[in-house]
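Reading the structure
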Amino acid sequence: MTKLVIGHFYPDLLNLYGDRGNVLALIRRAQKRGIDVEVKQISVGDPLRSDDIDIGFIGGGQDSEQNIMNDDLVHVKGDTIKSMIEDNIVFLTICGGYQMLGKYYQEHDGNRLECLGAIDYYTEGKKERFINDTVYELELDDGRKVAVVGFENHSGRTYLGEGVKPFMKVIKGHGNNGEDGFEGMRYKNTFGTYSHGSFLPKNPEVTDLLIELACKRKYGEDFVLPEAESLDETKAREAALNYIENGKEQMI
Ligand code: GLN
């Protein structure tokens, strides 16, 4: 039987704006293909082995919560998570969770949090927050370009180092830093984005990309994810696009 284990990191601390919705979307679209899913909640003090999970999820948190889990992430689980990233385990990290895999996060008041440093980027906070409904363009591995909708709320500006690719292009919103026109990052099978909780529920191509990458890693490069309908997800995205472009709510 095909089975994926999702590790939801720090669900009690990093849980802003319905980020758990991303885990629910992964479960739902995997189950549509008959893939069995188990979710492990992994928080401060919980053990972690590098073969425990196939997909890791780290949501967003406020600065205070990032300060609480930072020690466990960096000093307790850090080496294991770094080796998982290098070993192509799939990770989706959102906002605060995304920031924490980089080198450091400097809050706007100057307080500097040394982060995991698993991937070459850093984040500096500014007083003005970026709060927006967002639209991005994602180029999939097969060359197709899709519109991706999201919601961002962050003070941090993230700057990618050499060799770390942006995840998407900004069409509307601020993305990583409001300057370079890019949003998020991809390194191996690890993704970071500033898009919160309804990211995967409204963007089924991204959900399927993560599921397929995890299955290829576990079951071999020949694994092909079967097609699945995405009527609800597509309607939700169209409603969001309509609202963003025309300012009109649409019942779905
Ligand atoms: N505290 C971080 C920031 O403001 C992340 C916030 C979040 O996860 N929404 O940039």
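What this report covers is the structure whose coordinates are included nearby. Remember, it's a predicted structure, so these values are computed and weren't measured experimentally. (Residues numbered from 1 in each chain as written. Predicted model: local features only at pLDDT ≥ 70, side-chain atom pairs only at ≥ 80, totals over all residues. Heavy atoms only, no water.)

Moving on: the pattern of salt bridges. It is possible for side chains of opposite charge to pair when their charged atoms get near one another. In the structure shown here, the tally under the stated rule is 19 salt bridges. Salt-bridge contacts for Arg29 lead to Asp208; the nearest nitrogen and oxygen are separated by 2.8 Å. One end of the pair, Arg29, is in helix α1 (residues 20-31); the other, Asp208, is in helix α6 (residues 204-219), with 179 residues separating them in the sequence. Relative accessible area serves as the criterion here: at 2%, Arg29 is assigned to the buried category. A salt bridge links Arg186 to Asp141, with the nearest nitrogen and oxygen atoms 3.2 Å apart. Pair noted here: Arg186 is in strand β11 (residues 185-187) and Asp141 is in the loop between β7 (121-139) and β8 (145-160), with a separation of 45 residues, a long-range link. (Salt bridge = Lys/Arg side-chain N within 4 Å of Asp/Glu carboxyl O. Helix = DSSP H or I, 4+ residues; strand = E, 2+ residues; numbered from the N terminus. Buried < 20%, exposed > 50% of the residue type's maximum accessible area, 1.4 Å probe, protein only.)

Around the ligand, the surrounding shell holds 16 residues, and the nearest of these are Asp63, Gln66, Cys95, Asn153 and Gly156. The contact in question runs from a nitrogen atom of the ligand to an N or O atom on the side chain of Asp63, over 2.4 Å. Contact distances for the ligand include 2.9 Å between an oxygen atom and a side-chain N or O atom of Gln99. A total of 300 Å² of accessible area belongs to the ligand in isolation, and the protein chains cover 99% of it. Of all the secondary structure elements, the ones that give two or more residues to the shell around the ligand are α2 (63-76), α4 (96-101) and β8. A per-element tally of the shell around the ligand places β8 first, with four residues. When grouped by side-chain class, the residues that make up the shell around the ligand number four nonpolar, ten polar and two charged. (Near = heavy atom within 4 Å. Polar contact = N/O pair within 3.5 Å; in protein donor to acceptor, adjacent residues only side chain to side chain. Areas by Shrake-Rupley, 256 points an atom, 1.4 Å probe, with all protein chains shown as cover. Nonpolar A, V, L, I, M, F, W, Y, C, P; charged D, E, K, R; others polar.)

Bringing the sheet that holds β11 into the picture now. The strands making up a sheet associate through hydrogen bonds between their backbones, and the pairing can be parallel or antiparallel. Taken in spatial order, the six strands make up an open sheet running β2-β1-β3-β4-β12-β11, and their pairing is mixed. Looking at strand neighbours, the two that pair on one side only are β2 (36-42) and β11, the edges of this open sheet. Looking at each pair of strands side by side, their axes are set apart by 15° on average, direction ignored. As paired strands, strand β1 (residues 3-9) and strand β3 (residues 55-58) are joined by four bridges and run parallel to one another. Paired with His8 across the bridge in β3 is Phe57. Across the face of the sheet, helix α3 (residues 78-86) comes into contact with β1, β4 (90-94), β11 and β12 (190-193) while running at roughly 115° to β4. (Pairing = 2+ DSSP bridges. Axes fitted to C-alpha atoms, helices over the stretch in contact; angles between N-to-C directions. Contact = heavy atoms within 4.5 Å.)

For β1 and β2, the ladder comprises seven bridges, and the chain directions are parallel. Note that in β2 the partner of Val5 across the bridge is Glu38. Tracing the backbone out of β1, into α1 and back to the parallel element β2 gives a crossover that is right-handed. (Right-handed = clockwise from strand over helix to strand, strands pointing away.)

Turning next to the nonpolar core. With 63 residues, the main nonpolar core has Phe9 and Ile81 as its most contacted residues. In terms of residue count, the dominant contributor to this core is α6 (seven residues). Once residues within four sequence positions are removed from consideration, Ile81 is found in contact with Phe9, Leu48, Leu73, Phe91, Leu101 and Leu116. Core analysis: the next-biggest nonpolar cluster, separate from the first, contains five residues, Val149, Ala240, Leu241 and Ile244 among them. (Core = buried A, V, L, I, M, F, W, Y, C linked by side-chain atoms within 4.5 Å.)

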